[in-house]
Amino acid sequence: RGASLETSAGEEAATITLRCLSKDITKGLELFADVLLNPEFQDDKVALAKDETLEAIRRKNDNPFDLGRRVFRDVMYGKTHLYAFEPTPASVGRIQRKDLMEAYRKIVTPDHAILSIAGDFNKTQLLQQLQGFFSDWKPTGRLVPEYDDALKDPPAGTVFYVEKSYSQSLVYLG
């Protein structure tokens, strides 16, 4: 059997992606539902993610793409906007498993979730399976805050430079 189950989270969304053969969809959905509904945030995995984040912070100026993206967001949105947020060693150090569980309970709800499925399946059977796997996942009434797309403290000027000794250059326009 071949399958793939991956999770990802960013500033705007969290996703779980399942790829499997059609004949394995029941087992795949069982695993998908377990990952979604029963997060563990194991201490060793949290420690590893924190270590990787700290290393990324240490190396944040090693890559022109990362530096350009960070500076672009600072200029475009202002340093106080969510898109300009950059973790610090201190903020990473404060993260505990309980914080992740609290954020999960607050954010991961069916209220605004979208499930998209493509492939070879029987729609009626699949809907029955989904109902079985997710029947206990109840809406919480969570409201999504209004998105604030206003620029915060934009700097004066129209062209911004970051001089750094790289073997390549990067240009952003927004």
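Residues numbered from 1 in each chain as written. Predicted model: local features only at pLDDT ≥ 70, side-chain atom pairs only at ≥ 80, totals over all residues. Heavy atoms only, no water.

**Quick notes on the overall build of the protein**
Across its full length, the protein carries six helices and two strands. In the protein, the succession of α and β elements from N to C terminus is β-β-α-α-α-α-α-α. The C-alpha radius of gyration of the protein comes to 21 Å, more than 25% above the 16 Å expected for a compact globule of 174 residues. In terms of overall dimensions, the protein has C-alpha extents of about 60 × 35 × 35 Å along its principal axes. Within the protein, the fraction of its 174 residues that count as buried is 17%. As displayed, the protein offers around 13,500 Å² of accessible surface, 54% of which is attributable to carbon and sulfur atoms. (Helix = DSSP H or I, 4+ residues; strand = E, 2+ residues; numbered from the N terminus. Rg over C-alpha atoms; globule rule 2.2 N^0.38 Å. Buried < 20%, exposed > 50% of the residue type's maximum accessible area, 1.4 Å probe, protein only. Areas by Shrake-Rupley, 256 points an atom, 1.4 Å probe, with all protein chains shown as cover.)

**Quick notes on the pairing of strand β1 (residues 3-9)**
It is a general feature of regular strands that their side chains alternate between the two faces of the sheet. Sheet analysis places β1 next to strand β2 (residues 14-20), joined by seven bridges and oriented antiparallel. Directly across from S8, in β2, lies its bridge partner T15. In this antiparallel pair of consecutive strands, β1 and β2, the connection spans four residues. (Pairing = 2+ DSSP bridges.)

**Re the nonpolar core**
In this structure, L29, F32, A33, L36, L126, L130 and F134 together form the largest nonpolar core, which totals seven residues. Looking at this core, the elements that each hand over two or more residues are α1 (25-37) and α6 (123-134). If you tally residues by element for this core, the top one is α1, at four residues. (Core = buried A, V, L, I, M, F, W, Y, C linked by side-chain atoms within 4.5 Å.)

**A look at the pattern of salt bridges**
Where charged atoms from two side chains of opposite charge come close, those side chains can pair. Overall, the coordinates contain eight salt bridges when judged by the stated rule. Its salt-bridge partner being R19, residue E6 comes within 3.8 Å of it at the nearest N-O pair. With E6 in strand β1 and R19 in strand β2, this residue pair connects regions lying 13 residues apart in the sequence. Exposure remark for R19: the relative accessible area of 48% places this residue in the partly exposed category. Note that D24 is salt-bridged to K23, the shortest N-O span being 3.5 Å. Overall, the relative accessible area of 7% leaves D24 in the buried class. Beyond isolated ion pairs, a larger network of salt bridges with shared partners links E11, R69 and R73. (Salt bridge = Lys/Arg side-chain N within 4 Å of Asp/Glu carboxyl O.)

**Topic: a nonpolar patch on the surface**
On the surface, a cluster of nonpolar side chains totalling about 210 Å² of accessible area is made up of L5, L31 and V35. Mapped onto the elements of the fold, L5 is located in strand β1. For L5, a relative accessible area of 33% gives the class partly exposed. (Patch = residues over 30% accessible without salt bridge, like charges linked within 9 Å, V, L, I, M, F, W, Y side chains within 5 Å.)

**Re the packing of aromatic side chains**
Summed over the entire model, instances satisfying the criterion amount to three aromatic pairs. Plain terms: the ring middles of F134 and W137 are 6.1 Å apart, the flat faces sit at 50° to each other, and that makes the pair tilted. An aromatic cluster is present here, built from F32, F134 and W137 joined pairwise through their rings. The side chain of R73 reaches across the aromatic face of Y83, ending 5.0 Å from its centre. (Phe/Tyr/Trp six-rings, centres within 6.5 Å; stacked < 30°, edge-to-face > 60°. Lys NZ or Arg CZ within 6 Å of the ring centre and 35° of its normal.)

**Concerning the packing of α1 against α6**
The interhelical angle for the contact between α1 and α6, taken along N-to-C directions, is 30°, at an axis separation of 10 Å. Classed by the angle they form, the pair α1 and α6 counts as roughly parallel. Like other packed secondary-structure pairs, α1 and α6 cross with a definite hand, here right-handed. Residues I25, T26, L29, E30, F32, A33, L36 and L37 of α1 lie in contact with α6, whose contacting residues are L126, Q129, L130, F133 and F134. Partitioning the contact of α1 with α6 into residue classes produces ten nonpolar, two polar and one charged. (Axes fitted to C-alpha atoms, helices over the stretch in contact; angles between N-to-C directions. Parallel < 35°, antiparallel > 145°, perpendicular 65-115°, else oblique. Left-handed = near helix turned anticlockwise from the far one by under 90°. Contact = heavy atoms within 4.5 Å. Nonpolar A, V, L, I, M, F, W, Y, C, P; charged D, E, K, R; others polar.)

Interpretation note: all reported values are geometric properties and have no functional meaning in isolation.
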